[in-house]
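Overview (structure and organization)
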Amino acid sequence: MGKIISFVNQKGGVGKTTTCVNLAAFVANAGKKTLLVDMDPQGNASSGLGMVKNSELKTIYNVLDGEIPIKDAISSTVVKNLFVIPATVDLAGAEIELVQVNNREKVLKENLDSIKDDYDFIMIDCPPSLGLLTINALSTSDTVLIPIQCEFYALEGLSQLMNTVKLVKKHLNPNLEIEGVIMTMKDNRSNLVQQVSEQIRQYFGKKVFETTIPRNIRLAEAPSHGIPVFLYDAKCSGANAYKQMADEFLSKNKRR
């Protein structure tokens, strides 16, 4: 049975999508059959994996809307073992439409349950908000992975996120756990960054990945080419960091 992991942080610009895309790519490259579900109406994860957004593209919106079965929305990518259910701006409408649906918090779960056994890992890139799309992702997930930027405002809003996770666990998904916390955009030259890192480790303890992701221009450039960083520049510091993160992630999930 596949493990479902949501990548969540309601604060934008923290490297959430970059982490989701590159971790999924490295895990797939290690031989694990992986599905990335893009639940962000911005569709950046889809673009980062080379999806061309046109009227013929089948997306997660078509699935949530009940137009097509979920299997029909799955596309292959340039990475072996990595598949994607893309998103476009149409998904923004789903947040409003789902309000009127029965059991609206579990529409995604009802669809993913039918394909969960087909993958080792299903990774969901959530929007930078705690709305109904994110609640749907949390309701179907086994764990939550939280990317946190190593800057002064990093911990702002974190209590709100943790409270949302707690409420979902209490009312919708009692098995939901924290997969881990990954510190992104780290600049080791800054004393402030070191202080923030210490605070994050104090707050989350052993849930924090030993690996940290540095600021790296090649990481920022790769999505514009529609490929993960290891296909763009396998030797850059960003690629090395996500490779280490993937090794650490797989080590924690050995039984799979």
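Residue positions are given per chain, counting from 1 as you read along its sequence in written order. Local features are withheld for residues below a pLDDT of 70 in this predicted model, meaning they are given only at 70 or higher, and side-chain atom pairs are given and counted only at 80 or more; totals for whole chains, interfaces and linings count all residues. Derived side-chain values reflect all non-hydrogen atoms in the structure, with water molecules and hydrogen atoms excluded from consideration.

Only protein chains enter the calculation, and the probe is 1.4 Å; a residue is then buried if its accessible area is under 20% of its type maximum, exposed if over 50%, and partly exposed in between. Helix numbers and strand numbers start at the N terminus; a helix is a DSSP run of H or I with at least 4 residues, a strand a run of E with at least 2. Counted residue by residue, strand β2 (residues 34-38) has five buried out of five residues, so it is predominantly covered. Burial of β2 is two-sided: the residues T34, L36 and D38 facing one way and the residues L35 and V37 facing the other way are all buried. Note on pairing: DSSP must find at least two bridges between two strands before they are called paired. Sheet analysis places β2 next to strand β4 (residues 82-85), joined by four bridges and oriented parallel. Following the sheet pairing, L35 is matched in β4 by F83. With five bridges joining them, β2 and strand β5 (residues 121-125) adopt parallel strand pairing. Paired with V37 across the two strands is I124, which belongs to β5.

Before going further, it helps to spend a moment on the pattern of salt bridges. Salt bridges are identified by distance alone: a Lys or Arg side-chain nitrogen within 4 Å of an Asp or Glu carboxyl oxygen. Taken as a whole and judged by the stated rule, the model has nine salt bridges. A salt bridge links D113 to K109, with the shortest nitrogen-to-oxygen separation between them at 3.4 Å. Residue classification places D113 among the partly exposed residues on the basis of a relative accessible area of 40%. A salt bridge links K169 to E177; the nearest nitrogen and oxygen atoms lie 3.0 Å apart. Classification of K169 by relative accessible area gives partly exposed; the value is 29%. It is possible to trace a salt-bridge network through shared partners that takes in R218, E221 and D233.

On to the state of the cysteines, then. Only a pair of cysteine sulfur atoms within 2.5 Å qualifies as a disulfide here. Taken as a whole and assessed by the stated rule, the structure comprises zero disulfides. Its sulfur unpaired, C20 is 8.3 Å from the next cysteine sulfur, which belongs to C126. Judged by relative accessible area, which is 0%, C126 ranks as buried.

Let us now look at the layout of surface pockets. For cavity detection a 1 Å grid was placed over the protein atoms alone, and a set of points counts as a cavity when a 1.4 Å probe fits there but cannot get out; an open set counts as a pocket when protein lies on both sides within 12 Å along at least five of seven lines, with lining residues being those that have an atom within 4 Å of a point. Grid points are joined across faces, edges and corners, and a volume is the space filled by probe spheres set on the points. If you add up the space inside the largest pocket, you get close to 530 Å³. Where the lining of the largest pocket is concerned, the elements lending two or more residues are α1 (16-29), α2 (44-48), β7 (177-186), β8 (208-214) and α9 (217-221). Counting residues per element, the lining of the largest pocket draws most heavily on α1, which supplies five residues.

Attention now moves to a nonpolar patch on the surface. Like-charged residues are merged into a patch within 9 Å and nonpolar side chains (Val, Leu, Ile, Met, Phe, Trp, Tyr) within 5 Å, provided each residue has over 30% relative accessible area and no salt bridge. Only the protein chains shown count as cover for residues, and all accessible areas are computed by the Shrake-Rupley method using a 1.4 Å probe. On the surface, a nonpolar cluster with roughly 340 Å² of combined accessible area is contributed by F152, Y153 and L192. The residue Y153 is located in the loop between β6 (143-149) and α7 (158-171) in this model.

A few words now on the nonpolar core. Core analysis: the largest hydrophobic core is formed by 49 residues, its most contacted members being V37, I60, L64, L112, I124, I146 and F204. Each residue touching L112, except ones within four places of it in the same chain, is listed here: I4, V37, I70, I122, I124 and T140. What makes a nonpolar core is a set of buried Ala, Val, Leu, Ile, Met, Phe, Trp, Tyr and Cys residues whose side-chain atoms join them at distances within 4.5 Å. Here, two residues are considered to be in contact whenever any of their heavy atoms come within 4.5 Å of each other.

Centre distance within 6.5 Å is the pairing criterion for rings of Phe, Tyr and Trp, where only the six-membered ring of Trp is used; planes under 30 degrees apart are then read as stacked, over 60 as edge-to-face, and the remainder as tilted. One pass over the full model with this rule turns up four aromatic pairs. Ring centres of F26 and F230 lie 5.0 Å apart, and the angle between their planes is 40°; on these two criteria the pair is classed as tilted. Here the residue F26 occupies a position in helix α1, and F230 occupies one in helix α10 (residues 229-232), the gap between them amounting to 204 residues. Exposure class is identical for F26 and F230. Each is buried. In our convention, an over-ring charge means Lys NZ or Arg CZ found within 6 Å of a ring centre and within 35 degrees of that ring's normal. K33 extends its terminal NZ or CZ atom over the ring of F83, reaching a point 5.7 Å from the ring centre. Its end group placed over the ring of F209, K252 keeps NZ or CZ at 4.0 Å from the ring centre.

Turning our attention to the sheet that holds β7. The mixed open sheet is built from eight strands, whose spatial order is β3-β4-β2-β5-β1-β6-β7-β8. Each end of this open sheet is capped by a strand with a single partner; those strands are β3 (75-76) and β8. Inspection of the sheet shows strand β1 (residues 3-7) paired to β6 by three bridges, in the parallel sense. Bridged to F7 within β6 is L145. Every axis corresponds to a line fitted to the C-alpha atoms, with the helix fit spanning only the stretch in contact, and the corresponding angles, defined between N-to-C directions, vary from 0 to 180 degrees. Of the strands in this sheet, β6 and β7 are in contact with α7, which crosses β6 at around 175°.

So, about unusual backbone geometry. Of note, the phi angle at N81 is positive, near 75°, even though the residue is not glycine. When you line up the elements, N81 lands in the loop between β3 and β4. The exposure class assigned to N81 is partly exposed, which follows from its relative accessible area of 25%. With phi around 55°, N103 is a residue other than glycine that occupies positive phi space.

As for its position among the elements, K16 is in helix α1. Any pair of N or O atoms that falls within 3.5 Å is considered a polar contact. Within protein, one atom must be able to donate a hydrogen and the other to accept it, and sequence-neighbouring residues count only if both atoms are side-chain atoms. A polar contact of 3.5 Å, which involves the side chain of K16, links it to the side chain of T17. Once you skip the residues sitting within four places of it in the chain, K16 turns out to touch F7, V8, N9, D40, D125, C126, P127, P128 and P147.

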